[in-house]
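Fold and geometry: a report
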Amino acid sequence: MKLSFGPWGNTLEEYVSAGVRAEDKGFATLWASELHRTPFVPLAALATKTKDVKLGAGVALAFLRSPLTLALTALDVDDISNNRFILGLGSGVKNLNLYWHDIDFGKPVNHIEDVVNICRKVFKESHLNPISYDGKEKKISLRGFDRPFVPRNTNIPIYLGTVGPLMTKKCGEIGDGWISHELCSPMYLEKNIIPKLNEGANSKNIPKIVVSGLTVVDKDEKKAKRIAAGTVAFYASVKTYDEFFSSHGFGKEAEIIRGYFHDGNINEMIKNVPNEMVDTFAIAGNRDFVTEAIFRYKGLADEIKLTPPTHYVSEDETRFAQESILEIVEEGEIN
């Protein structure tokens, strides 16, 4: 099981610096998500300062851009990184697409399949003319589009970030890899995700599994867990994840947290995340606890992405968590 890393930075300079240090430590992949930044510009910045580490969008929201723009962006980042790019895509939740971005969500399983198919078609045929695709949710017809250079890489890997059973099965069918939600327990991975990936997969397509580990290391275990609790509370406030939390026995806690979210009371949201809930969804504690928690995923995941918490925490707390991750890892392994 390889270790990868999701860098953080208040500025892109700080972000790139953390990524460069992570490459020196031996992390396999550096991931950038889409929320506070787009994933592509930070990864392009990292590409110019790193040499061998893989660079992954983990994940880019698949429906916000036209599939053509998404594919061309992936080709550009892959070019500047010398074929080190992984295009990770996720649907996002319906309200985020609708209210934040004014994007039609459609039927997400069909929508994501069309986006993946169009991206792969453009990767392979962008220098040809014409290109056409008529899918269930999306279609393109490129006539007069003549990209005047052959891509360096026509097989950019596409990973999908999924939670629900239908999307996860679809990832097994069409994805080169699967990326977990920021909160993912070994139990959920083993009982809910892997069976659905296997249901969709075939002998020619077995996706790699990248699990995310929200990580804080501190001698003061209570402090570490409270820092991680903010991100757990953030996701518990989203009704879309009700089944996810309920399946772990924390449905009531999520309901209480969501009530405080609607009241705008962040302190009570965090206070109502018990340490048992943090231990289920995050990797927060002293060095021995963190090491043991990471190895719970061994045999289930191909790669574990360690990331510092960024929700309902201060900038200093996120920076502290990031430093704690980098300090305990040496040459891609836990000391």
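This text gives an overview of the structure that appears in the document. (Residues numbered from 1 in each chain as written. Predicted model: local features only at pLDDT ≥ 70, side-chain atom pairs only at ≥ 80, totals over all residues. Heavy atoms only, no water.)

1. Some words on the layout of surface pockets
Estimated volume of the second largest pocket: approximately 240 Å³. Lining of the second largest pocket is provided by Lys2, Ala28, Thr29, Lys54, Ile86, Pro157, Tyr159, Asp176, Lys208, Val210, Asp302 and Glu303. Residues that form the lining of the second largest pocket fall into these classes: five nonpolar, one polar and six charged. (1 Å grid on protein atoms, 1.4 Å probe; cavity = no way out; pocket = protein on both sides within 12 Å on 5 of 7 lines; lining within 4 Å. Points joined across faces, edges and corners; volume = space filled by probe spheres on them. Nonpolar A, V, L, I, M, F, W, Y, C, P; charged D, E, K, R; others polar.)

2. Some remarks on the packing of helix H1 (residues 12-25) against helix H2 (residues 40-47)
At a closest axis distance of 10 Å, the pairing of H1 and H2 adopts a crossing angle of 55°. Comparing the axis directions of H1 and H2 gives the class oblique. When you trace H1 past H2, the crossing you get is right-handed. Listed contacts from H2 to Leu12, Tyr15, Val16, Gly19 and Val20 of H1 are Val41, Pro42, Leu43, Ala45 and Leu46. For the contact of H1 with H2, the residue count by class is nine nonpolar, one polar and no charged. (Axes fitted to C-alpha atoms, helices over the stretch in contact; angles between N-to-C directions. Helix = DSSP H or I, 4+ residues; strand = E, 2+ residues; numbered from the N terminus. Parallel < 35°, antiparallel > 145°, perpendicular 65-115°, else oblique. Left-handed = near helix turned anticlockwise from the far one by under 90°. Contact = heavy atoms within 4.5 Å.)

3. Description of unusual backbone geometry
With omega at 0°, the peptide bond leading from Gly58 into Val59 counts as cis. Relative to the assigned elements, Val59 resides in strand E3 (residues 54-61). With a phi close to 60°, Asn82 is a non-glycine residue in the positive phi region. Within the fold, Asn82 resides in the loop between helix H3 (67-80) and strand E4 (85-90). Judged by relative accessible area, Asn82 falls into the partly exposed class, the value being 48%. Despite not being glycine, Tyr312 shows a phi value in the positive range, around 55°. (Buried < 20%, exposed > 50% of the residue type's maximum accessible area, 1.4 Å probe, protein only.)

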